[in-house]
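# Close look at the chain arrangement
Given next are the chains, with one letter for each unit.
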Amino acid sequence: FDQKSPTASHKLRTMPSRRSFAEIGRIVCINYGKDNGKIGVIVDMCDSMTCLIDGPSVERKLINFRRLAFTDIKLPIMKR
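Quick caveat, the model's predicted, so the values are computed rather than measured.

Next up on the list: the environment of I30. Here I30 lies in strand β1 (residues 26–30). Taking relative accessible area as the criterion, I30 reaches 1% and is therefore assigned buried. Between the C-alpha atom of I30 and that of F70, which follows or precedes it by 40 residues, the distance is 8.9 Å. If we skip the residues at most four places from it in the chain, I30 touches D35, N36, G37, K38, I53, V58, I63, R67 and L68.

In the structure shown here, the tally under the stated rule is two aromatic pairs. Ring plane angle 85° and centroid distance 5.8 Å describe the contact between F21 and F70, whose orientation is recorded as edge-to-face. Of this pair, F21 sits in helix α1 (residues 18–21) while F70 sits in strand β5 (residues 68–74), and the two are 49 residues apart along the sequence. Judged by centre distance (6.0 Å) and plane angle (55°), the rings of F65 and F70 are tilted. In textbook terms, an aromatic cluster arises when at least three aromatic residues are bridged by ring pairs, as seen for F21, F65 and F70. Seen from the ring of F21, R26 lies directly overhead, with NZ or CZ sitting 4.5 Å from the centre.

Rules used throughout
Along every chain, residues carry numbers that run from 1 in the direction the sequence is written. For a predicted model such as this one, the threshold for reporting local features is a pLDDT of at least 70, and the threshold for listing and counting side-chain atom pairs is 80 or more; totals across whole chains, interfaces and linings nevertheless cover every residue. For side-chain calculations, the full set of non-hydrogen atoms in the structure is used, while hydrogens and water are omitted. Secondary structure elements are defined from DSSP: runs of H or I of at least 4 residues count as helices, runs of E of at least 2 residues count as strands, and each element is numbered from the N terminus. Three labels apply to residues, based on accessible area from a 1.4 Å probe with only protein chains included: buried if under 20% of the type maximum, exposed if over 50%, partly exposed otherwise in between. Contact between two residues is taken to exist if any of their heavy atoms lie within 4.5 Å; hydrogens are not considered. Note on aromatic contacts: the rings of Phe and Tyr and the six-membered ring of Trp form a pair at centre separations within 6.5 Å, being stacked when their planes are under 30 degrees apart, edge-to-face when over 60 apart, and tilted otherwise. Note on criteria: charge over ring means Lys NZ or Arg CZ within 6 Å of the ring centre, with the direction from the centre no more than 35 degrees off the ring normal.

Structure representation (structure tokens):
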């Protein structure tokens, strides 16, 4: 193994910040509390740490980004 020549599969990959990945219409999974494991969608962004979510098995409520797992799925929802 030569440390000077890394293989082509070794590429430095960075994760997007939570703020850039959190957007209206993003599907999320709740990973904390009584709604653990339920899915919802971001309906509105309140500030840099919280958003309003709604879903089929989740009542509409404010939740902190730390309690969410973001997916790659985004719905075409526009803010009124």
